[in-house]
Amino acid sequence: MTRIPGPIDPPARLLMGPGPISAYPSVLRAMSAELVGQYDPFMTATMTETQELYRGVWATANEATLLIDGTSRAGIEAAMISLIRPGDRVLVPVFGRFGHLLAEIAERAMAEVHTIEVPWGQVFPTTVLEEAIVRVRPHLLALVQGDTSTTMLQPLDEVGAICAEHGVLFYTDATASLGGNAFEADAWGLDAATAGLQKCLGGPSGSAPITLSERAVEVIRSRKRVEAGIREAGDEDSPDFIRSNYFDLGMIMDYWGPRRLNHHTEATSMLYAARECARVLLLEGRDAAIERHRLHGAAMLAGVGGLGLVVFGDVAHKMSNVVAVEIPDGVPGDAARAALLQDFGIEIGTSFGPLHGRVWRIGTMGYNARKGAVLQTLASLETVLRRFGAPVSAGGGVEAAMDVYGPGGD
């Protein structure tokens, strides 16, 4: 006979890794709100409210600003599969794991993919990006803003103008950076950008905000196909239709737009969560939220230095919300992380590829970009390091972080 488990009862955790992170309490409360039907006036009004909130989050006037039901990768795939025709030339600058992911998704979209690379821990100078754009002449530039595998933040502010000059669509994956680092969709000339909730936005994984410029919308509309079961007279049926149904942004835009064309059933509780994430951010103020992430990220950076840990990568181009540190010689990285989780209820991460087992990644983002979480993590990490024989100065991490906060700092 199948044993029936009790109600779900997860342990208390402080999620201080590169994401997912601990959600804002108000986001968790929003997810428990009453469900309504997908065409209930409350539901459609909430969808419209959420679109307007995310225009504020992205700093855009784009009409096509909405959510993709799925994790941040769902947003990436929706953008790329909808904007890339088979045979299109796509340029992907790779400076970490998630650049490789963009290249793979472009390959799956049957693009002619061109990549350029820098060593992990660095970013691309704008001149290098411009040279590659001129040489490759791509249809689309797909560029990660913040890559959590390396913790690096790629500057984007000058890239949009270069793309516009050469007739290139500009897409960025801002999953790890949006809400905690500067992002200006319109001012920077983005044609498409996607993110997730589980980083600086302070929610759970499962909904992917996306914004699309008019130029991107034109490409998507030119590939419009409405599935036969809901097609009406006069609906487009392009022979060059988008090769995914679920990620077809043409139909998804009609679902979120005035037509309310049935495409899928919106994930109601995730809609509530995404709405609350944006509401919390805009109530605080975008600039204030970015400054809060900068402050607590700086305190964590100073704190790990105070513990004698070596920071990985080009600190001048590090995301404010996550830091990577070299695992000290003689300390078993996975065992130390496990001890931190088991004994203190705190999770930090390792990394991928060439950095797996070489670095720990420690996040300060969303709800956990706060003084108490930073100091608790540093004090607990010090204890774990001592247990595994690492030479650390007593209280060095907390004291260094407190120096950043200063008198009364929070």
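Overview of the structure. (Residues numbered from 1 in each chain as written. Predicted model: local features only at pLDDT ≥ 70, side-chain atom pairs only at ≥ 80, totals over all residues. Heavy atoms only, no water.)

### Examining the overall build of the protein
A tally of helices and strands in the protein yields 13 helices and 13 strands. The C-alpha radius of gyration computed for the protein amounts to 22 Å, which stays within 12% of the reference 22 Å derived for 410 residues, consistent with globular compactness. Each of the three principal axes of the protein carries a C-alpha extent, and together these read 75 × 55 × 50 Å. Burial status across the protein gives 58% buried among its 410 residues. A sequence separation of at least 24 residues applies to 71% of the contacts in the protein between residues at least 6 apart. Looking at the protein as shown, the accessible area adds up to about 16,500 Å², and 55% of this sits on carbon and sulfur atoms. Separation of charge centres in the protein, based on 34 positive and 48 negative side chains, amounts to 4 Å. (Helix = DSSP H or I, 4+ residues; strand = E, 2+ residues; numbered from the N terminus. Rg over C-alpha atoms; globule rule 2.2 N^0.38 Å. Buried < 20%, exposed > 50% of the residue type's maximum accessible area, 1.4 Å probe, protein only. Contact = heavy atoms within 4.5 Å. Areas by Shrake-Rupley, 256 points an atom, 1.4 Å probe, with all protein chains shown as cover. Lys, Arg positive; Asp, Glu negative; His and termini not counted. Charge placed at Lys NZ, Arg CZ, Asp CG, Glu CD.)

### Observations concerning the nonpolar core
Across soluble globular proteins, you tend to see nonpolar side chains buried next to one another. If you look at the biggest cluster of nonpolar residues, it comprises 89 residues, and the most contacted ones within it are Tyr54, Ile68, Phe183 and Leu212. With eight residues, helix 9 (residues 268-284) is the single largest residue contributor to this core. When residues no more than four places from it in sequence are discounted, the contact partners of Leu212 are Asn62, Ala64, Asp191, Ala192, Val217, Ile220, Leu249 and Met253. Of all hydrophobic cores here, the second largest spans 30 residues; its members include Val304, Leu309, Val331 and Ala336. (Core = buried A, V, L, I, M, F, W, Y, C linked by side-chain atoms within 4.5 Å.)

### So, helix 2 (residues 41-58)
The first and last C-alpha atoms of helix 2 sit 26 Å apart over 18 residues, in line with the 26 Å expected at 1.5 Å per residue. Buried within helix 2 we find Met43, Thr44, Thr46, Met47, Thr50, Gln51, Leu53, Tyr54, Arg55, Val57 and Trp58. As for helix 2, its buried residues are in contact with strand 2 (64-69), strand 9 (192-194), strand 10 (207-212), helix 8 (249-256), helix 9 and helix 10 (286-306). N-cap assignment for helix 2: the residue whose side-chain oxygen lies 2.8 Å from the backbone N of Phe42 is Asp40. (Expected span 1.5 Å × (residues − 1). Polar contact = N/O pair within 3.5 Å; in protein donor to acceptor, adjacent residues only side chain to side chain.)

### Looking at the pairing of strand 4 (residues 112-117)
With six bridges connecting them, strand 3 (residues 89-94) and strand 4 associate as parallel partners. Across the sheet, residue Pro93 finds its bridge partner in strand 4, namely Ile116. Following the backbone out of strand 3, through helix 4 (residues 97-108) and into the adjacent parallel strand 4, one traces a crossover that is right-handed. (Pairing = 2+ DSSP bridges. Right-handed = clockwise from strand over helix to strand, strands pointing away.)

### Points about the pattern of salt bridges
Inspection of the entire model under this criterion finds 25 salt bridges. Two residues, Lys224 and Glu236, come together in a salt bridge whose shortest N-O distance is 3.7 Å. Of this pair, Lys224 sits in the loop between helix 7 (214-221) and helix 8 while Glu236 sits in the loop between helix 7 and helix 8, and the two are twelve residues apart along the sequence. Here Glu232 ties to Arg259 by a salt bridge, and the two come within 3.5 Å at their closest N and O atoms. Here Glu232 is found in the loop between helix 7 and helix 8, whereas its partner Arg259 is found in the loop between helix 8 and helix 9, with 27 residues between them in sequence. Overall, the relative accessible area of 33% leaves Arg259 in the partly exposed class. (Salt bridge = Lys/Arg side-chain N within 4 Å of Asp/Glu carboxyl O.)

### Some words on the environment of Phe183
When you line up the elements, Phe183 lands in the loop between strand 8 (169-173) and strand 9. For the pair Phe183 and Asp157, spaced 26 residues apart in sequence, the C-alpha to C-alpha distance is 8.6 Å. The residues contacting Phe183, other than those within four sequence positions of it, are Trp58, Ala59, Gln145, Leu156, Thr172, Ala174, Leu178, Trp188, Leu190, Ala193 and Arg286.

### Side note on the packing of helix 7 against helix 8
Running from amino to carboxyl end, helix 7 crosses helix 8 at an angle of 115 degrees, the nearest separation of the two axes being 9 Å. When the axes of helix 7 and helix 8 are compared, the pair comes out roughly perpendicular. Between helix 7 and helix 8, the contacting residues are Val217, Ile220 and Arg221 on the first element and Leu249, Gly250, Met253 and Asp254 on the second. Its residues placed into classes, the contact of helix 7 with helix 8 shows four nonpolar, one polar and two charged. (Axes fitted to C-alpha atoms, helices over the stretch in contact; angles between N-to-C directions. Parallel < 35°, antiparallel > 145°, perpendicular 65-115°, else oblique. Nonpolar A, V, L, I, M, F, W, Y, C, P; charged D, E, K, R; others polar.)

Structural measurements only, silent on function.
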